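Letter by letter, the chains look like this.
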Amino acid sequence: MKKRREFLKAGLAGSAVACVCPFSVLPAASAAPAADSRIEVLLDEPQGRISPNVYGHFVEHLGGVVYDGLWVGPNSKVPNVNGLRRDVLEHMKKIKAPVVRYPGGCFADSYDWRDGIGPVEKRPRRTNFWNNADTDKSPANHRFEPNEFGTNEFVHFCKLIGAEPYLAANLRSLPATEFQHWVEYCNSPAGSTTYADERAAAGYSEPFNVLFWGVGNESWGCGGNFTAREYAVEFRRYTAWLPNYGKGLSLVASGPGGEEWFWTREFLEEIARKGPGQLREIYGMSLHHYAWNLSRGKTNDWEKGKGDGLQFEPVDWYELLREGQRMEGLINGHWQAMAEFDRDHRIKLIVDEWGPWYRPGSEETPGDILEQTPTLRDAVFSAMTMDIFNRHAGKVAMANCAQLINCLNSLYLAHEDRFVVTTVGRVFEMYAAHQGGESLRTEFSAPDLRYDRDGQAARFWGLNGSASLRGKNLLLTVVNPHVGEPREGEIVLRGGAFSSGNVTTITHPDIHARNTFEHRDAVMPATVPLTGGERIVQVFPPASVSALAIQLR
Ligand code: AHR
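Residues numbered from 1 in each chain as written. Predicted model: local features only at pLDDT ≥ 70, side-chain atom pairs only at ≥ 80, totals over all residues. Heavy atoms only, no water.

1. Quick look at the sheet that holds strand β10 (residues 250-253)
Definition in use: At least two bridges found by DSSP between two strands is the condition for calling them paired. Counting from the N terminus, the helices are the DSSP runs of H or I reaching at least four residues and the strands are the DSSP runs of E reaching at least two. To obtain an axis, a line is fitted to C-alpha atoms, over the contacting stretch when the element is a helix, and the angle between two such axes runs from 0 to 180 degrees between their N-to-C directions. We call two residues in contact when some of their heavy atoms are within 4.5 Å.
Here we have eight strands rolled up into a closed barrel, ordered β2-β5-β8-β9-β10-β11-β12-β13, and parallel in their pairing. Averaged over all adjacent pairs, the angle separating strand axes in this sheet is 30°, with direction ignored. Judged from the four bridges that link them, strand β8 (residues 164-169) and strand β9 (residues 212-215) form a sheet pairing that is parallel. Its bridge partner being in β9, Y166 is matched across the sheet by F212. Across the sheet, helix α7 (residues 228-239) is in contact with β9 and β10; its angle to β10 comes to roughly 160°.

2. Points about the state of the cysteines
Using the following cut-off: Criterion for a disulfide: a pair of cysteine sulfur atoms at a distance within 2.5 Å. Only protein chains enter the accessibility calculation, which uses a 1.4 Å probe. A residue is then buried if its area is under 20% of the maximum for its type, exposed if over 50%, and partly exposed in between.
Applying the stated criterion across every chain, the model contains one disulfide. With no disulfide partner, C186 has as its closest neighbouring cysteine sulfur the one in C158, 11 Å distant. When its relative accessible area of 0% is taken as the criterion, C186 is described as buried.

3. Overview of the environment of A547
Secondary-structure assignment places A547 in strand β25 (residues 544-552). Along the chain, A547 and V183 lie 364 residues apart, while their C-alpha atoms are 40 Å from each other. In this structure, A547 is in contact with M430, L475, L476, T477, N502, V503 and T504, ignoring residues within four places of it in sequence.

4. Looking at the pattern of salt bridges
For side chains of opposite charge, pairing can occur when their charged atoms come near one another. This is how it is decided: Put simply, a salt bridge is a Lys or Arg side-chain nitrogen that is within 4 Å of an Asp or Glu carboxyl oxygen.
A full pass over the atoms with the stated rule returns 31 salt bridges. One salt bridge in this structure joins R296 and D454, with 3.0 Å as the shortest N-O distance. Linking R296 in the loop between β11 (284-291) and α9 (314-339) with D454 in the loop between β17 (449-453) and β18 (456-460), this pair joins segments that are 158 residues apart in sequence. In this structure, R535 and E490 form a salt bridge, with 3.1 Å as the shortest nitrogen-oxygen distance. Of this pair, R535 sits in the loop between β23 (526-529) and β24 (536-540) while E490 sits in strand β21 (residues 487-494), placing them 45 residues apart in sequence. Under the relative-accessibility criterion, R535 is labelled partly exposed at 48%.

This is the structure:
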């Protein structure tokens, strides 16, 4: 049985749902039952500020993410700003994209940053890490990296959208000096070093001031096949001296790819063995979690366990959410393991890859490896995941949805002059106002949903979500995962009173619904005024995500 870990280590080298209606079509004008659920928002119980960076993104040189995705080139007929696809820039500004991780992913640990700087016509072509992945039908620039897009273009992109760049250094195949030199290229003051002069020659005299740096990626797998202790030794060596120009650097250690508590423990134990002060070098520890195994416990094989992105039954819908819900246990578990070495929790969790991962076949552009077309299921999954991050605001300092465009859980799909904001992108719109808000304890009480999981009775929570407060503005986001039943919730604001508000909901009668190049607005959020007073009662449609924006008195 091949697991994802082994796959990457190899260097890459229901029908029985408790619903009487057909799952793809809701009963017409279904009458909502009497309030069956209660949501209590405890305005006087803040749980920590939601880091804006939790709403972060990820761009890797993988398939159609960069070429034909974000980057079309300055001479393209596709509307662009300095070669960057204009539609992407505009939407990312709208959702207030706070941070973008680059250049990988597995690509990062085979990347020489120098290949991507200097005059474009002189940049070398290299074999892309993902060259051997699944297909030989992809365009040449997906398999052989032309380096038209590199550090300058990436940082310029971040500046245009107002996001922080987060760079992942190559720990597997470049020496530590190259990490230092990349930092120097990005951050040394104008005129101070040869690298600063090279940067200026490219049109960027002012330093990029890149704060976030990943020290390798998935170092247990494609990032070097290290043990946790071996990686800790390398981490210490690569970070023993880095120039920070008086501004500091936030270094992210490569963390586990799931429930490997041993990785967290052994890594931190080895770091601290040199002295507890060594822990202070670490800003965050990464955590990756993909929901990929939809086999309902039948296999752990990385290929056989995956499900289809578009063809699925309600049981597969619930299975995906169940896999996604594991995120909460991962955050709590690794946080607890971290506390054994870092008692005052200076080190935060950085969930820098998350999303569903299906088998190939749901690409909007055939030949784009790892591309999926998100459906309503992925919108619900993404909302549920972001609610988990909000509920753990004090623990998770950053998260990066994998990946921005033409990839796994993408906000956008694009090919040549065609472009669409996916269901996932729409959910990012609805959740943007959580950024920087104070997370509030919120209690959801709703009947669990029940479904048949291969003859076994299975349950999943009936309603869940999160709430945040900025001044008098409350944002309450709520997921109803049931494919066929609405929930009617009574919303109680403890410690505050409703003044006015509106509710934005994304749903569709068909749980497979998705936005495509042909049907760009098939699944769209709709906003209506919220009526309330002492008591707010809201119907949450089946298979929906709702965002209640409430102005308090
Ligand atoms: O996001 C796709 C790949 O998944 C990344 O390159 C890697 O880090 C992870 O295994």
